[in-house]
Amino acid sequence: MADDKDSDGSEGLNLTSSWLSPRSLLDRTTKFVLNAAHGKSRSLLPTTENDRSVTETGILDWEDEEEDEEEEEEEEEEEKAQPTLVVPEHDVLAGRWNAYLIADQDEKLSPLPRGMLRVIPPRKRTATCQSKDYNSMRADVTKNKVVARLKSANEFRRQSFLSLPIKVLGRILEFLPVDAMLVVLGSCRALRRVMHRQGPGCELAGDQAYTTMGMRVWRARIQQMGWRIWWERQRGKEHQQRIAVPRSHQELLKSICGVTDETEILNLLKTEPDLVFKAIYDDLISDYMSFGSADRCVPAVIFGGSRVRGPAQVAQRLDQLLWFARGRFTCAAEYTNQRLVAAADRFEAEYQWQFKRALVVGDCEEMKACARVMENIRDGRMCIRVLVDIHPLFNGVQDPRYAQLVIEGNSVSNAHSFESFLNKLDLLVAEHARVVAAALPGTVLPRSALFCLVEELFAPTKNGLALRALQNLYKYLQAIPIATDTLTNEKHELVVPDEATKDIVFLTTVASVVSLLLQTVDKWAQMEPVALPHELARRSVFAAFGDIIDEYVQLERRVIERAYEGELAQWTSKSRSNTATSHMDQVDGTKHVESVRLINFQKRQQQMDEYKERVLQVLQERLQIRLDTQALGTEDLGAHLEGRRRRSSGASSMPRRTVVGDGLGQAPISIDMCLNMVLTNRDAVDRLAVFAKAPLDMRLSGLAQEAVETIFCVLLRSIGNHVRPAFRQILNELRELEHAVMVTTQQSNVQQTTATHEAGYSAQHVQAERQLREKFTAAELGFFELIHLSDLAVQMIEIYFKTYLEEFIDEQDFLNMANQERKSLEHAVDDNVAVGMDCVIEIIMRQTGHILDTEQADSDYSPDSNVSLTLMPTMACTRTVQFLSESTVVLQNMTGQRQIRDVFLAEVGIRLFQLLLEHIKKYQITQPGGFQLIADLNLVYDWASQHVDADTLRFFTALKDLANCFILAPRDLRGFLQDQYSRHTFDGVMRSEEVYDVVACRADYRDIRTQVEGHCDFM
């Protein structure tokens, strides 16, 4: 039996039971992995070479030569007493042997059935009686030391291998030959725990038999055959798993499992990838291994079982084997793959010669017959390539029909000449469609042949006629002269005035060319009798612009930044001149005061509303949308967008300069400029949107998407740079006024201490205070106008974002740069508004306090006994309420948003309450003065009831009720306070200490203190 040879002509290999032992196999597998990682031997089978540097496993050993010799001597002595097993190499490679089949020399082997691949549980280790020779060998002390050292080294390698992470072990198993992987799994308990749930001998399959790592290993084995699995990502949709299976393997799965649908294949790979792989392996391994023999490959492919395969079936089988060979599932895969590829090339070359011969003589039936065979191997690329290479446009033959097309393609100089070239190219593609429809059968192969022609036209090769035309167009656009002098360049029909216009012409022309090409591709996709594959053709078109996309997006950004910088510089220069003129006009304060007095705030608000409506109409026309007039001032703009615009290709046909104008005169910011910036940005987005139509997996699409986000961020930053200085200027004015009010208050206090109240102040001082109030009114008006305009600018951006940019930028992605810039601009406006509001309220409170301090006399709340009470508000209170009404009328008339108005007035009311509380504590109030205080507080309450909300009005109600403590008899005061506390009048309004301080302002409080504070449980 040992002298026999396999039917394939390969010699038998003597595999001892020690070589097949689990520990020996594991040691050799470890060596195999380490050596294979360094590009050394890939074989696990014993070799017949006698090279001293190679062990019997065919793997380079890293131990010393002395240890190798001692190990060989020990193994030779063990082999003398152990039976041997002779297994043909072909059977080993085919997976028809198992580690536990150890037979005596006289016994006959019973190999597994041909074509079966299954995992056999490992051989159970049992204790056996050792022979006397073996015991005597073990008794030798020297031999024991050698064996112990060898076992220690092998154990170290085994432990090092098993200490690797689970993922690394799984990756190692993926690249082992299939037979070696199964033997290792059957021999190593640790690897079985990594792969199997219930052991390799169980009858279960899929996820019930294998762990997650085991399933991953089997899927990796399948993907090694050219199967591609990926996740398809689409904006606004859930990720979907897709799979691409070679067409020949689809037919194989259909014949074996009856599976044809993509979803069914994905479900099988998800639950039972091991069964899918085993089914394909068992069907193809026999024919694949036959290519390792010189005399068996052709019969194995031709004869499929009991029947003879036809030419198309042979081609399909070869294609299945070519995909299968990619997995390198056997140790001799390199040699087998070479022979397989050579056989497939000879088969394909024969039918290619027949196809060419039929094409020359014009035999369409013969061409279709050959194409039916060739389309089953390598997707029929060879016959498609023949039709392209023989085309007169590419084979160098001078054909007058295509000579003019070549001339026009090489002489493209502008967009008009490129359009003329594209029209002739359309005729060429239509003619080729008729040729492939007559020469190729079916619909798939003609479509692929037509696409191959289009791909060749846009390829960066000598045949890329369309790509050369595009490159000529780029050169023409980049060489357009700039008319800086009176001389013009006669070679160009177009002359631009400056560099910015030249860049715009380049960007607009390229975007228009891309749109024109996409329209042509859409036309080709509906062509008869053969339609072009739409998505593949679009890929070819977009790939032709891959070389310039980086320069294009950078130029787009530079153009936007340069345009915005020019707009901002022009506005800055204009605002400085207006500021200088305004300063000259305001040298005389009387003129400024008179101009403020003549302002009709209600009419000013009407002008603001008309201006907003006009801006809204222009925005609606230029963005080509229908927008409800109530959208202005609302938060949810999406509900008011009745229709979306149709995106135009290239630049907008409407002029970029708006006609809304700055109708408010001395406006703090220019809405006209902001609208120009938005429309300029819209034009740039329209140009980039053409490139963003590319497939998502193309680099072109990603760059266009990033460019859209970048130029939108440039828009946001530019408008922010326009709005922030305006707020900075108005806040500085308000702070200066706040400081001036504080200085005036201090001077008034000093004057009040040095002069009698009846003498009053000088006319100059009174005039200064009046001018200060007029300046504050003007500053307050400018601040609220700035709030209106900045809010309008932010809302224009929101409308533009929701109508144009939502398809590029996910609004829910808070990490997106564009969304962060949007929030930054909104927060900047809100923060400046809050700071300005605080300054305005502080100025109002300072002036109110100044009026009370200067106008309120001590005798108002402590009159003489001979003075009759009028129960009318004091002059100080009357002027205070009058000033508050004048200060809030600007807010009421200039603020259309009720929410802002309510918040502002509520803050004014709370601070006024605190001011009045502190003002009352300054006086000693008698009973007649209490009646006077109640009259003053009633007037303040009437003002508050008309301006503040209900929650804020509670403060003035509590203060008015507490003022009754000054007119009550001492014996009734404690009961009054108990009643107020029982009704929770002061809850959330005043603390007990504050109530006590007010009550202590009674002029007779020292005398009645014991009556109020004795045993007090509420103060």
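These numbers come from a predicted model, not from an experiment. (Residues numbered from 1 in each chain as written. Predicted model: local features only at pLDDT ≥ 70, side-chain atom pairs only at ≥ 80, totals over all residues. Heavy atoms only, no water.)

Caption draft 1: Structural detail: the overall build of the protein chain. What the protein chain contains, in helices and strands, is 37 helices and eight strands. Within the protein chain, the proportion of its 1019 residues that are buried is 47%. Intrachain contacts of the protein chain at a sequence separation of at least 6 include 71% that bridge at least 24 residues. (Helix = DSSP H or I, 4+ residues; strand = E, 2+ residues; numbered from the N terminus. Buried < 20%, exposed > 50% of the residue type's maximum accessible area, 1.4 Å probe, protein only. Contact = heavy atoms within 4.5 Å.)

Caption draft 2: Up close: the pattern of salt bridges. Using the criterion set out here, one finds 37 salt bridges in the structure. Across the pair Arg317 and Asp287 runs a salt bridge, and its minimum N-O distance is 2.9 Å. In this pair, Arg317 sits in helix α14 (residues 311-325) while Asp287 sits in helix α12 (residues 273-290), placing the two residues 30 residues apart along the sequence. With a relative accessible area of 8%, Asp287 lands in the buried category. Across the pair Arg378 and Glu348 runs a salt bridge whose closest N-O atoms are separated by 2.8 Å. Taken as a pair, Arg378 in the loop between α16 (364-374) and α17 (381-389) and Glu348 in helix α15 (residues 333-361) lie far apart in primary sequence, 30 residues in all. Residues participating in the shared-partner salt-bridge network are Glu738, Asp838, Glu842, Arg846, Glu907 and Arg911. (Salt bridge = Lys/Arg side-chain N within 4 Å of Asp/Glu carboxyl O.)

Caption draft 3: Spotlight on the packing of α14 against α15. The contact between α14 and α15 brings their axes to 10 Å, and the two run at 145°. In this structure, α14 crosses over α15, and the sense of that crossing is left-handed. Residues Pro311, Val314, Ala315, Leu318, Leu321, Leu322 and Ala325 of α14 pack against Asn337, Leu340, Val341, Ala344, Phe347 and Tyr351 of α15. Here the residues of the contact of α14 with α15 are counted per class, giving twelve nonpolar, one polar and no charged. (Axes fitted to C-alpha atoms, helices over the stretch in contact; angles between N-to-C directions. Left-handed = near helix turned anticlockwise from the far one by under 90°. Nonpolar A, V, L, I, M, F, W, Y, C, P; charged D, E, K, R; others polar.)

Caption draft 4: A look at the packing of helix α35 (residues 970-982) against helix α37 (residues 1005-1013). Relative to each other, α35 and α37 sit at 40°, their axes nearing to 9 Å. As summarised for this structure, α35 and α37 are arranged oblique, according to the angle between their axes. Note that α35 runs across α37; the crossing there is right-handed. Residue-level inspection shows Pro970, Arg971, Leu973, Arg974 and Leu977 of α35 in contact with α37, the latter providing Ile1008, Gln1011 and Val1012. Residues that form the contact of α35 with α37 fall into these classes: five nonpolar, one polar and two charged. (Parallel < 35°, antiparallel > 145°, perpendicular 65-115°, else oblique.)

Caption draft 5: Structural view of the packing of aromatic side chains. The tally for this structure, following the rule as stated, stands at 22 aromatic pairs. Look at Phe418 and Phe421: their rings are 6.0 Å apart centre to centre, the planes differ by 45°, and that puts the pair in the tilted class. With Phe418 and Phe421 both in helix α19 (residues 415-439) and three residues apart, this pair spans about one turn of that helix. For the pair Phe418 and Phe421, a shared accessibility class is recorded, and that class is buried. In this structure an aromatic cluster arises from ring pairing among Tyr210, Trp218, Phe277, Tyr281, Tyr288, Phe324 and Phe329. For the cation-ring pair, Arg228 lies above Trp230, with the distance from its terminal atom to the ring centre recorded as 4.1 Å. Over the aromatic face of Tyr941 sits the side chain of Lys960, whose NZ or CZ is 4.0 Å from the ring centroid. (Phe/Tyr/Trp six-rings, centres within 6.5 Å; stacked < 30°, edge-to-face > 60°. Lys NZ or Arg CZ within 6 Å of the ring centre and 35° of its normal.)

Caption draft 6: Highlighting the environment of Met677. By the element assignment, Met677 lies in helix α27 (residues 671-692). Linking Met677 and Ala563, residues 114 residues apart in sequence, is a C-alpha distance of 8.3 Å. Residue contacts for Met677: discarding those within four places in its chain leaves Tyr564, Glu567, Leu568, Leu715, Ser718 and Ile719.

Caption draft 7: Expanded view of helix α21 (residues 465-478). An ideal rise of 1.5 Å per residue puts 20 Å on 14 residues; α21 measures up with 20 Å between its terminal C-alpha atoms. In terms of residue burial, α21 counts as a mostly covered element, since ten of its 14 residues are buried. In the core, the buried residues of α21 are packed alongside α18 (400-410), α19, α20 (444-457) and α22 (499-524). (Expected span 1.5 Å × (residues − 1).)

Caption draft 8: The arrangement of the environment of Ala415 in detail. Locating Ala415 in the fold gives a position in helix α19. Setting aside anything within four residues of it in sequence, one finds Ala415 in contact with Leu473 and Thr509.

Caption draft 9: Representation of the environment of Tyr335. You can see Tyr335 is positioned in helix α15. For Tyr335, a relative accessible area of 44% corresponds to the partly exposed category. Along the chain, Tyr335 and Phe291 lie 44 residues apart, while their C-alpha atoms are 8.9 Å from each other.

Caption draft 10: Up close: unusual backbone geometry. With an omega of 5°, the peptide bond between Glu528 and Pro529 qualifies as cis. Summarising the element assignment, Pro529 is placed in the loop between α22 and α23 (534-543). A positive phi angle, near 50°, is found at Arg328, a position not held by glycine. Structurally, the position occupied by Arg328 is in the loop between α14 and α15. Residue Arg328 is classed as partly exposed on the basis of its relative accessible area, which comes to 31%. Its identity as a non-glycine residue notwithstanding, Asp379 has a phi of 60°, on the positive side.

Caption draft 11: Focus on the nonpolar core. The biggest cluster of nonpolar side chains holds 258 residues, and the ones touching the most others in it are Trp227 and Phe545. With 20 residues, helix α28 (residues 699-754) is the single largest residue contributor to this core. Not counting the four nearest positions on each side in its chain, Trp227 is found in contact with Ile222, Ile243, Ala244, Val245, Pro246, His249, Leu253, Ile265, Leu269, Val276 and Ile280. (Core = buried A, V, L, I, M, F, W, Y, C linked by side-chain atoms within 4.5 Å.)

Caption draft 12: Region of interest: the confidence of the model for the protein chain. Taken as a whole, the protein chain shows an average pLDDT of 76; of its residues, 70% reach a score of 70 or greater. Within the model, the stretch residues 583-596 combines pLDDT values under 50 with nine contacts to residues more than four positions away or in other chains. Across residues 648-656, confidence stays below pLDDT 50; counting only partners more than four residues off in sequence or on other chains, it has 19 contacts. (pLDDT = per-residue confidence, 0-100.)

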